[in-house]
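# Examination of the molecular architecture
So the chains spell out like this:
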Amino acid sequence: MQDESRKKGKHTADNDVYIRPKAAERKLKAALELGIVAYLYGVTGTGKTRLVREVLARKQYEYYSARETQPEEVGVKPDGQERTVVVDDLYTVTMQEEKECWAALFQKLAGQESVRLALVSRAPVPGWLLPLQVEYRFVEIGEKDLCLTRRGQDAYLELSGIRLEPEAADRAWELGKGHPVSLKLLVLENGDVDLAVKNMWLWLENHIFDQWEKELSEFLMETSIVENYTKELAGMITGRDDVDALVSRAEELGNFMTRTGQDGIWEYRWAMRQAMRGRLARKYSREQIRQLYSHAGLYYEMHGRYPEALEMYGKTGRTEDIRRVLSANARRNPAAGSYFELRDYYLSLPEEMILGDPVLMCYMSMLHSILMDTEEGERWYRELEKYAKKHSGGERREARRRLFYLDIALPHRGSADIASLIKNAGSLLPGQGTALPEFSVTTNLPSLMNGGKDFCEWSRHDRELAASIGKAASIVLGKYGKGLVPLALAESGLEKGMDSFEVMRLAEKGRIAAEGGGKTELCFVAAALLAWVAVLNGNAEFAEDIMTAYRERAEKEAPRTVPNADAFLCRIYLYRRQPARAVEWMEKAPDENGTFCTLERFRYLTKARVYLMAGKTGEALALLEQLLCYAEKMKRTYISMEASLLLAIALYRAGREEWRKTLQGCVTQAESYHFVRLFSRECGAALNLLETADLTWQDEEFRNEMLDECRRMEKSYPRYMEQGTDAEVRLPEQAVKVLKMQAEGLSTRAIAERMGVKENTVKYHNKETYRKLGVNTRTAAVNEARKRKLI
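Computed from a predicted model, the values in this text were never measured in an experiment.

### Quick word on the overall build of the protein
Across its full length, the protein holds 42 helices and nine strands. In terms of overall dimensions, the protein has a C-alpha envelope of 90 × 65 × 50 Å along the principal axes. Taking the intrachain contacts of the protein between residues at least 6 apart in sequence as the baseline, contacts between residues at least 24 apart amount to 68%. Carbon and sulfur atoms provide 48% of the accessible area of the protein, an area that totals close to 36600 Å². In the protein, which carries 117 positive and 118 negative side-chain charges, the distance between the mean positions of the two groups comes to 1 Å.

### Section: the environment of leucine 522
Within the secondary structure layout, leucine 522 lies in helix α28 (residues 520–536). Sequence spacing of leucine 522 and threonine 442 is 80 residues, and the spatial spacing of their C-alpha atoms is 7.6 Å.

### Brief notes about the nonpolar core
Counting 188 residues, the largest nonpolar core has Tyr229, Tyr346, Met547, Leu663, Phe679 and Leu690 as the members making the most contacts within it. Considering each element in turn, this core owes the most residues, 15 residues, to α28. When neighbours within four sequence positions are excluded, leucine 690 is seen to be in contact with Leu663, Val667, Phe679, Leu695, Trp697, Met706, Leu707 and Cys710. Formed by 23 residues, the second largest nonpolar core is a distinct cluster that contains Tyr39, Tyr64, Val87 and Trp128.

### Some details on the pattern of salt bridges
According to the stated counting rule, one finds 56 salt bridges in the structure shown. Between lysine 496 and aspartate 462 there is a salt bridge, with its nearest N and O atoms 3.0 Å apart. One end of the pair, lysine 496, is in the loop between α26 (484–495) and α27 (500–515); the other, aspartate 462, is in helix α25 (residues 462–477), and 34 residues separate them in sequence. For lysine 588, the salt bridge goes to aspartate 566, with nearest N and O atoms at 3.4 Å.

### Observations regarding helix α38 (residues 700–716)
Its 17 residues place the ends of α38 25 Å apart at the C-alpha level, agreeing with the 24 Å of an ideal helix rising 1.5 Å per residue. Of all the positions in α38, only Phe702, Met706, Leu707, Glu709, Cys710 and Met713 are classed as buried. Take α38 and look down its axis: the buried residues cluster within an arc of 165°, on one side only. With respect to the buried face of α38, the exposed residues turned more than 90 degrees away are Glu701 and Lys715. In this fold, the buried residues of α38 make contact with α28, α30 (562–575), α35 (658–673), α36 (677–680) and α37 (683–692). Two or three places before glutamate 701, at the opening of α38, aspartate 699 has a side-chain oxygen 3.0 Å from that residue's backbone nitrogen.

### Thoughts on the sheet that holds strand β8 (residues 257–260)
Spatial strand order, β7-β9-β8: three strands in an open sheet with antiparallel pairing. Across the chains shown, the open sheet's two edge strands, defined by having one partner strand only, are β7 (228–229) and β8. Pairing analysis gives four bridges linking β8 to strand β9 (residues 265–268), with the strands arranged antiparallel. Following the sheet pairing, threonine 258 is matched in β9 by glutamate 267.

### Description of α27
Between its first and last C-alpha, α27 extends 22 Å over 16 residues, near the 22 Å set by a 1.5 Å rise per residue. For α27, the N-terminal cap is aspartate 499; the gap from its side-chain oxygen to the backbone nitrogen of phenylalanine 501 is 3.1 Å.

### As for the confidence of the model for the protein
When the pLDDT values of the protein are averaged, the result is 87; 93% of them are 70 or greater. Confidence drops under pLDDT 50 across residues 1–15; counting only partners more than four residues distant or on other chains, this segment forms 27 contacts.

### A closer look at the packing of aromatic side chains
For any pair of aromatic rings, the description rests on two quantities: the centre-to-centre distance and the angle between the ring planes. Applying the stated criterion across every chain, the model contains 21 aromatic pairs. When the ring of tyrosine 299 is compared with that of tyrosine 300, the centres are 5.7 Å apart and the planes differ by 70°; the resulting orientation is edge-to-face. Residue tyrosine 299 is classed as buried on the basis of its relative accessible area of 6%. By relative accessible area, which is 4% here, tyrosine 300 ends up buried.

### Digging into the packing of α30 against helix α32 (residues 601–613)
Running from N to C, α30 and α32 cross one another at 25°; their axes reach a closest spacing of 9 Å. When the axis of α30 is compared with that of α32, the two are roughly parallel. The chirality of how α30 crosses α32 is left-handed. For the pair α30 and α32, the contacting residues are Pro563, Asn564, Ala567, Phe568, Cys570, Arg571 and Leu574 in the first and Phe602, Arg603, Leu605, Thr606, Arg609, Val610 and Met613 in the second. Looking at the contact of α30 with α32 residue by residue, the classes come out as nine nonpolar, two polar and three charged.

### Here's the deal with the side chain of histidine 368
Structurally, the position occupied by histidine 368 is in helix α20 (residues 358–370). If we ignore the near neighbours within four places in the chain, the residues touching histidine 368 are Leu347, Asp373, Thr374, Glu376, Gly377 and Trp380.

### Let's talk about the packing of helix α16 (residues 306–316) against helix α17 (residues 319–330)
Between α16 and α17, the shortest axis-to-axis distance is 9 Å and the interhelical angle comes to 170°. Relative to α17, the element α16 is oriented roughly antiparallel. Read as a crossing pair, α16 and α17 show a hand that is left-handed. For the pair α16 and α17, the contacting residues are Tyr306, Ala309, Leu310, Tyr313 and Gly314 in the first and Asp321, Ile322, Arg324, Val325, Leu326, Ala328 and Asn329 in the second. Residue classes in the contact of α16 with α17 are distributed as eight nonpolar, two polar and two charged.

### Quick look at the state of the cysteines
Per the counting criterion, the structure on display carries zero disulfides. With no disulfide of its own, cysteine 456 lies 11 Å from the sulfur of cysteine 666, the closest cysteine sulfur. We classify cysteine 456 as buried; its relative accessible area is 0%. Cysteine cysteine 666 shares no disulfide, and the gap to the nearest cysteine sulfur, in cysteine 710, comes to 11 Å.

About the thresholds
- Residues numbered from 1 in each chain as written.
- Predicted model: local features only at pLDDT ≥ 70, side-chain atom pairs only at ≥ 80, totals over all residues.
- Heavy atoms only, no water.
- Helix = DSSP H or I, 4+ residues; strand = E, 2+ residues; numbered from the N terminus.
- Contact = heavy atoms within 4.5 Å.
- Areas by Shrake-Rupley, 256 points an atom, 1.4 Å probe, with all protein chains shown as cover.
- Lys, Arg positive; Asp, Glu negative; His and termini not counted.
- Charge placed at Lys NZ, Arg CZ, Asp CG, Glu CD.
- Core = buried A, V, L, I, M, F, W, Y, C linked by side-chain atoms within 4.5 Å.
- Buried < 20%, exposed > 50% of the residue type's maximum accessible area, 1.4 Å probe, protein only.
- Salt bridge = Lys/Arg side-chain N within 4 Å of Asp/Glu carboxyl O.
- Expected span 1.5 Å × (residues − 1).
- Arc of directions from axis to C-beta.
- Polar contact = N/O pair within 3.5 Å; in protein donor to acceptor, adjacent residues only side chain to side chain.
- Pairing = 2+ DSSP bridges.
- pLDDT = per-residue confidence, 0-100.
- Phe/Tyr/Trp six-rings, centres within 6.5 Å; stacked < 30°, edge-to-face > 60°.
- Axes fitted to C-alpha atoms, helices over the stretch in contact; angles between N-to-C directions.
- Parallel < 35°, antiparallel > 145°, perpendicular 65-115°, else oblique.
- Left-handed = near helix turned anticlockwise from the far one by under 90°.
- Nonpolar A, V, L, I, M, F, W, Y, C, P; charged D, E, K, R; others polar.
- Disulfide = S-S within 2.5 Å.

Below is the structure:
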């Protein structure tokens, strides 16, 4: 034990600069005052022990290192005797017997009201301390808490005599984020950021990585070839059967990786992964590294994760593995296969290889259609026809199956002849004992009418078609046919203004059928229909609950629908007047300025709405013109109407007279289908134009019904898609001061004391700020204010 009661002030050389990290100091003081166990963790050099000594400098306390001390040396004294006990280096406790002894000691100390206990280690709370944490609660002070704020970093450098140009200071912050080690190295290198980064790697090598045992070091190097891994993947890559023990040991040694999800997915911190990959390149032969990538590729291939498999096999140079994966992916439909992501692989295949495989020819026809290269899509269709004529037996049957599939599924051919094709297939396939390749009716969108194909024309005769081809469709579409008919009727009715209860009844019927052996993608359609009903009835909050519940399910069952579920949620944010959440969604929205991806059409249309809300009319116009070009070329009637309506709104806001003509075309087309909800979904944004323009109407009943519903929706969502609401937030000077202090980590009480106002005044500013920024928490408010450059 070291009695630290007489050590005051600095504990190193007089010229050593030290600034206490405010967040960590506040947490530690609170834990000590309240008698809660404090648990500090971070890699070597983050200042854990220094902080404890600084905070306790004027108090009497006992300091122990678990590396050099046995639990019985700490001991337990009679309750009532004031003690402050600090136990450092807990990461060195590795033997099970040692863990049990230390845990028993901490149990006794934590149970004494007169004892203040602080534990220090390199990693988050280990498993052997979890029972204690559950019983007594810990105040956890992590590595992020031990880092300085930007203001703290600038102060540290100034006190150390380092003067950086603004650009260099920004770069130092981006690279280190106030990490104590990075700052010390930056000072040692006299402000040379590049040299400090280089030495950071050397520091990690010498002070951390070289201290690990050989087995653990090899495990971490070998698994660094992937961005994240499960225990199963780690075992596949390394060939080890003790992955559990190695992962647990790695977690106890330091805060180098994070665990996400209930399934246990580990991900290395960026610096850690880069360092491990560098060590791997130095210590392993090329053949050994290729073997690791081959093992990872096989794992991904076995689990149907073809993009990752191709990435791994690409490192090995084994073309036969790549071809095998490409052929397997080609057997999937566009909703399940990575058509757009893997296009470069397929487009680089030798033509003679494709011509010898009907599956690849079918894939190439579909791929080119998705890329809107319709001529090339038809060319590969004709090549497949030639193949079917030249071959016999199983090869011919496979080619004909693929041709029949393309007749139904090719995006650019529209839906005009699909009803007759489905009828023929329904009577033909059972006799042959052959099924069509799987056909997705949604392509992961929350719609049947506007999913894999545009079925607006079917809506004119929805009941008749449901009766005449419903059974045949179930045969042709397999699992995608379960729940299809009631869901299609529900969506058609929704668009035409059907009573909400009837839409809900049909949607629930379809959902139950889809859940009984059908596809989760159809449950997405059901969730979307129920959410639209909630929105139309003025309950956007319930709509968000519905879609959030589906999204949670989809993460496991249908992960490819998650991006579109997020886009749907973004549309709900627009109704709920939460522009900050909509803008946050934009960070993961697809970029229309690169290669236009037709499979992203739902997200593009969502993005156009956010552009309009944010006052970015030019960006909205450009995106909507692309969507209209796509709609015309690929015979997408609904998207043509939807994009035209949004384009009219954008043109109106841009002050261009073309909006009237654009709106008239949209109205005329939608009127012929009686699509009321196309307009009412846009609330006042559409109503303003519809009431302003002198439009020609063919159906007065449709006009009145649509305008009445638009007015109801405007009352429910009066500020939906209101222009400029994202950029024009203005906060009072006092509110900005509160935000700045919150960004520094100050509590409400501390802010009130510093400003000389009551706590209720601070809380009022918080409430108003949250409302204006469209957020619900302090952290979100600070982040949003930074995005908007308000602080």
